[in-house]
Amino acid sequence: MKYVDEFRNGEIARAVAAGIASLTDPDRHYKIMEVCGGHTHTIYRHGIKDLLPDQVELVHGPGCPVCVLPMGRVDEGIEIAERPQVIFTCFGDMMRVPGSRGNLLEVKAEGADIRMVYSPLDALRIARENPDREVVFYAIGFETTAPSTALTLQRAKKEGIENFSVFCNHVTIVPPVRALLDSPDLRLDAFIGPGHVSTVIGCRPYEFMPEDYGKPCVVAGFEPLDLLQSILMLMRQLDEERCEVENQYGRVVLWEGNLQALKSLAEVFELRPYFEWRGLGFIAQSALKLSAAYADFDAELRYSTPGVRVADPKACQCGEVLKGVLKPPECKVFGTACTPERPLGALMVSSEGACAAYYNFGRKSFEKVEIGSR
Amino acid sequence: MREAESMLPGYCTLDHDGCVTCSDAGIPVRVVSVDGYDALCEDAAGNRAEIAVELVEPVGVGEVLLTHGGVAIGRVEAEA
């Protein structure tokens, strides 16, 4: 099949891996962060880590919106969902994210009208079909997902649908990466940039990485060879002492992004002054809220959500894993008190969460490393 | 591996998109027909869905779009 065979070819993968090995300085340790949870998933699913020299370490970044959502925002969603007049809609993964007193699935079991949707447009359809109810969509995601919320709100406004609102938890990718680069406890050499976020925002927003921090960045696709080629491109930059943003994913990502989508985002959203990220704390201008023109659709205003802060469970070390300070199995409760079936922390919920990916695909290679390192 | 997972440019299809909240879940689909701002699209596994196409207009039948949450956000082979 076109695009599949050529991006999963074992022979080419071994050749690219050999190229990476040839550029590796045996006396140096390389730390490369994959920002996106989807890349984390590919790395474990296809055993990319096992193809790399020991000196090249991949560090998982904060690129899973479910995983970085603080518990207080889950609790506030639940509080809205429990209102009798509300039909609460959200993506499937959101249903299992633990709040301080359970998750949306449990609240649904207790009788709240919570419905899983595939698209915010489905939530808008539910609003059209239920004019006597209030339909709320729990919006979450990076710049890839935000355009679908923006477009839905533009349609809602155009159609004059008044019983629809959005609880907005959209976040942006650049500020947390900057926060990580400012963090003193993490030394990174290079970044694998998120492929589909870049479909929307393009490659230009990453130019601060080489310009301000001297770190190369390669925007990468999601097939195994995409990842390997991106690592090779980063290793070449490091070897040649170049430092720039490169686009490995040219078959999908344009350098300037999707201008129509960016225009839509600019109309519907504005930046929040600050937003809380699980594990990273408050980060300035790192999330979106509805603009004044769309205030009538803002569930935070409609239901006067108080903006509560809830601390994570003490045993949970999601924050350290999110920052790349700990590997998932180094968390005290990994695979014991916290599993994909009964997640304690958000990183175990989403299939793209670093802990869930490690639990499902990565434990064998970790055990191998552990045994080998003794 | 399921045939449905052997997809470009990631492993996602309309009925198997991993975690839609995660911004990596881009699903490539081919346009079957266009009706105003909506297009009937089909993934490589044969699943069909109506996709909003305002953000990638104009689109034509046969084009391959990248979709996320029921909305087209880009084109595949953008630089081809």
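Attention in this report is confined to the structure presented alongside it. It should be emphasised that the depicted structure is a prediction, and the values quoted were computed from it without experimental measurement. (Residues numbered from 1 in each chain as written. Chains lettered and ligands numbered in written order. Predicted model: local features only at pLDDT ≥ 70, side-chain atom pairs only at ≥ 80, totals over all residues. Heavy atoms only, no water.)

## Considerations on the overall build of chain A
Here's step 1: The secondary structure content of chain A amounts to 16 helices and 13 strands.
Here's step 2: Its C-alpha radius of gyration of 21 Å places chain A within 12% of the 21 Å reference for a compact globule of 374 residues.
Here's step 3: Oriented by its inertia axes, the alpha-carbon framework of chain A measures out at about 65 × 45 × 45 Å.
Here's step 4: Across the 374 residues that make up chain A, the buried fraction comes to 62%.
Here's step 5: Restricting the contact set of chain A to residue pairs at least 6 apart, pairs at least 24 apart contribute 77%.
Here's step 6: Surface accessibility of chain A: about 14700 Å² in total, with carbon and sulfur atoms responsible for 50%.
Here's step 7: Computing the positive centroid from 41 side-chain charges and the negative centroid from 51, chain A places the two 3 Å apart. (Helix = DSSP H or I, 4+ residues; strand = E, 2+ residues; numbered from the N terminus. Rg over C-alpha atoms; globule rule 2.2 N^0.38 Å. Buried < 20%, exposed > 50% of the residue type's maximum accessible area, 1.4 Å probe, protein only. Contact = heavy atoms within 4.5 Å. Areas by Shrake-Rupley, 256 points an atom, 1.4 Å probe, with all protein chains shown as cover. Lys, Arg positive; Asp, Glu negative; His and termini not counted. Charge placed at Lys NZ, Arg CZ, Asp CG, Glu CD.)

## Quick word on the sheet that holds strand E7 (residues 190-193) of chain A
Residues and elements named next belong to chain A.
Here's step 1: Judged by pairing direction, the sheet is parallel, and its 5 strands sit side by side in the order E2-E1-E7-E8-E9 without closing on themselves. Of all the strands in the sheet, just strand E2 (56-63) and strand E9 (245-247) have a single pairing partner and so form its edges. Recorded for the sheet is a direction-independent mean angle of 20° between the axes of neighbouring strands.
Here's step 2: Relative to E9, strand E8 (residues 217-219) is paired through 3 bridges, and the arrangement is parallel. (Pairing = 2+ DSSP bridges. Axes fitted to C-alpha atoms, helices over the stretch in contact; angles between N-to-C directions.)

## Some points on the layout of surface pockets
The gaps left among the atoms become clear once a water-sized probe is rolled over them.
Here's step 1: In this structure, the second largest pocket occupies an estimated 350 Å³ of space.
Here's step 2: For the second largest pocket, the lining is made up of 14 residues, of which Leu 151, Gln 154 and Lys 158 of chain A together with Tyr 37 and Glu 54 of chain B are closest to its centre.
Here's step 3: The set of elements that each furnish at least two residues to the lining of the second largest pocket consists of helix H8 (146-159) and helix H13 (259-268) of chain A.
Here's step 4: The element that contributes the greatest number of residues to the lining of the second largest pocket is H8 of chain A, accounting for 5 residues.
Here's step 5: Across the lining of the second largest pocket, the residue classes break down as 3 nonpolar, 3 polar and 8 charged. (1 Å grid on protein atoms, 1.4 Å probe; cavity = no way out; pocket = protein on both sides within 12 Å on 5 of 7 lines; lining within 4 Å. Points joined across faces, edges and corners; volume = space filled by probe spheres on them. Nonpolar A, V, L, I, M, F, W, Y, C, P; charged D, E, K, R; others polar.)

## Observations regarding the packing of H8 of chain A against H13 of chain A
Residues and elements named next belong to chain A.
Here's step 1: The contact between H8 and H13 brings their axes to 9 Å, and the two run at 65°. By crossing handedness, the relation of H8 to H13 is classed as left-handed. Contact with H8, carried on its side by Ala 146, Pro 147, Ala 150, Leu 151, Leu 153 and Gln 154, involves Ala 261, Ser 264, Leu 265, Glu 267 and Val 268 of H13 and no other residues of that element.
Here's step 2: Looking at the contact of H8 with H13, its residues break down into 8 nonpolar, 2 polar and 1 charged. (Left-handed = near helix turned anticlockwise from the far one by under 90°.)

## Concerning the sheet that holds strand E5 (residues 134-141) of chain A
Residue and element names in this part refer to chain A.
Here's step 1: Taken together, the 4 strands give an open sheet; going across it, the order is E4-E3-E5-E6, and neighbouring strands pair in parallel fashion. The sheet is open, and its two edges are formed by strand E4 (114-116) and strand E6 (164-170), each paired on a single side. Direction aside, the axes of adjacent strands within the sheet are offset by 25° on average.
Here's step 2: Summarising the sheet, E5 and E6 pair through 7 bridges and their orientation is parallel. When the bridges of E6 are listed, Ile 140 appears paired with Asn 169.
Here's step 3: Packing of helix H7 (residues 120-129) onto the sheet brings it into contact with strand E3 (86-90), E4, E5 and E6, and relative to E5 it is tilted by some 175°.

## Describing the packing of aromatic side chains
Residues and elements named next belong to chain A.
Here's step 1: Summed over the entire model, instances satisfying the criterion amount to 11 aromatic pairs over all chains.
Here's step 2: Ring centres of Tyr 44 and Tyr 358 lie 4.5 Å apart, and the angle between their planes is 55°; on these two criteria the pair is classed as tilted. Of this pair, Tyr 44 sits in helix H2 (residues 37-45) while Tyr 358 sits in helix H16 (residues 354-373), and the two are 314 residues apart along the sequence. Accessibility classification places Tyr 44 together with Tyr 358 in one group, the buried group. (Phe/Tyr/Trp six-rings, centres within 6.5 Å; stacked < 30°, edge-to-face > 60°.)

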